Amino acid sequence: MEVMEIAGKYALRALITLALEMDFKGLDGLVWAMILWPPRKYRKAIGYSLDDIPGISPDLCMHRIHLEDESMTSVEHQRRLNPNLKDVVKKEIMKLLDAGVIYAISDSKWVSPVHVVPKKGGITVVKNDRNELIPTRTVTGHRMCIDYRKLNAATRKDHFPLPFIDQMLERLANHPYYCFLDGYSGFFQIPIHPDDQEKTTFTCPYGTYAYRRMPFGLCNAPARSSAA
């Protein structure tokens, strides 16, 4: 059985290589069926929205926020946002509420403000007033972020080793093809311990909310995600 599984993996790799060389054109139904078999078999692991993400079992992994001894709590006020950025925050809040990622909270010793930042796209060339071509990075939209700097300053750091970029790139050397899977909202798959959820409280024009799952911005989030 083990030999058959290994042979099947090499056969699938050969089919994918053939499909890439043919630019996925002219492939018959059998080849397509064999290529699509793995994603169909494990389709429950593929999410297209937050509702499709069940998250990691709390028995397997939970994020903790351990504070330094004698650390002082921080309650910050919300920041002013223009009407366009308010719409960005409102849509994000509604999406996270519908998915059960956040919940409304009325009282917390830790409150952080919301900040909206532009989503950077690729670099294009535009003309300025002097008719000169200037490289400019395009903005494709906006993203809601939480300013957890004061909470992070009081948090004990997790020293789980993160992978080195140069070592990861070396593994790709001498390979004609490579592929990757983007972890859709990967941080949101890790639950936060109930005792620490109120520390993630943030304030915005539509109320104060706390996270049930690990958000971006926490200092130990990358280490916890790698460890999971």
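Up top is the structure these notes are about.
These remarks concern the structure in this document. It should be emphasised that the depicted structure is a prediction, and the values quoted were computed from it without experimental measurement. (Residues numbered from 1 in each chain as written. Predicted model: local features only at pLDDT ≥ 70, side-chain atom pairs only at ≥ 80, totals over all residues. Heavy atoms only, no water.)

## With respect to the nonpolar core
1) Next: Core analysis: the biggest nonpolar cluster contains 28 residues, and Val89, Ile93, Ile102, Met144, Phe202 and Tyr211 have the highest contact counts within it.
2) Next: Counting residues per element, the ones that place at least two in this core are helix H3 (83-98), strand E3 (110-127), strand E4 (133-146), strand E5 (202-204) and strand E6 (207-211).
3) Next: Contacts of Phe202, omitting those with residues within four sequence positions, involve Ile93, Ile102, Val111, Ser112, Val114, Ile146, Tyr148, Gly207, Thr208, Tyr209 and Tyr211. (Core = buried A, V, L, I, M, F, W, Y, C linked by side-chain atoms within 4.5 Å. Buried < 20%, exposed > 50% of the residue type's maximum accessible area, 1.4 Å probe, protein only. Helix = DSSP H or I, 4+ residues; strand = E, 2+ residues; numbered from the N terminus. Contact = heavy atoms within 4.5 Å.)

## Structural notes on unusual backbone geometry
1) Next: Unlike most non-glycine residues, Glu70 shows phi in positive territory, near 60°.
2) Next: Tracing the chain through its elements places Glu70 in the loop between helix H2 (29-41) and strand E1 (74-75).
3) Next: Phi at Asn131 takes a positive value of approximately 65°, unusual for a residue other than glycine.
4) Next: You can call Asn131 exposed: its relative accessible area is 55%.

## Here's the deal with a nonpolar patch on the surface
1) Next: A surface patch of nonpolar side chains, about 390 Å² in accessible area, is lined by Ile165, Met168, Leu169 and Leu172.
2) Next: You can see Met168 is positioned in helix H5 (residues 165-170). (Patch = residues over 30% accessible without salt bridge, like charges linked within 9 Å, V, L, I, M, F, W, Y side chains within 5 Å. Areas by Shrake-Rupley, 256 points an atom, 1.4 Å probe, with all protein chains shown as cover. Salt bridge = Lys/Arg side-chain N within 4 Å of Asp/Glu carboxyl O.)

## Notes on the packing of aromatic side chains
1) Next: For the structure shown, the criterion picks out two aromatic pairs.
2) Next: Look at Phe202 and Tyr209: their rings are 5.9 Å apart centre to centre, the planes differ by 35°, and that puts the pair in the tilted class. Per residue, the accessibility class of Phe202 equals that of Tyr209, and both read buried.
3) Next: Relative to Tyr211, the ring of Phe202 has its centre 5.5 Å away and its plane inclined at 40°; by these criteria the two rings are tilted. Across the pair, Tyr211 and Phe202 agree in class, each one buried.
4) Next: Aromatic rings pair up to connect Phe202, Tyr209 and Tyr211 into one cluster. (Phe/Tyr/Trp six-rings, centres within 6.5 Å; stacked < 30°, edge-to-face > 60°.)

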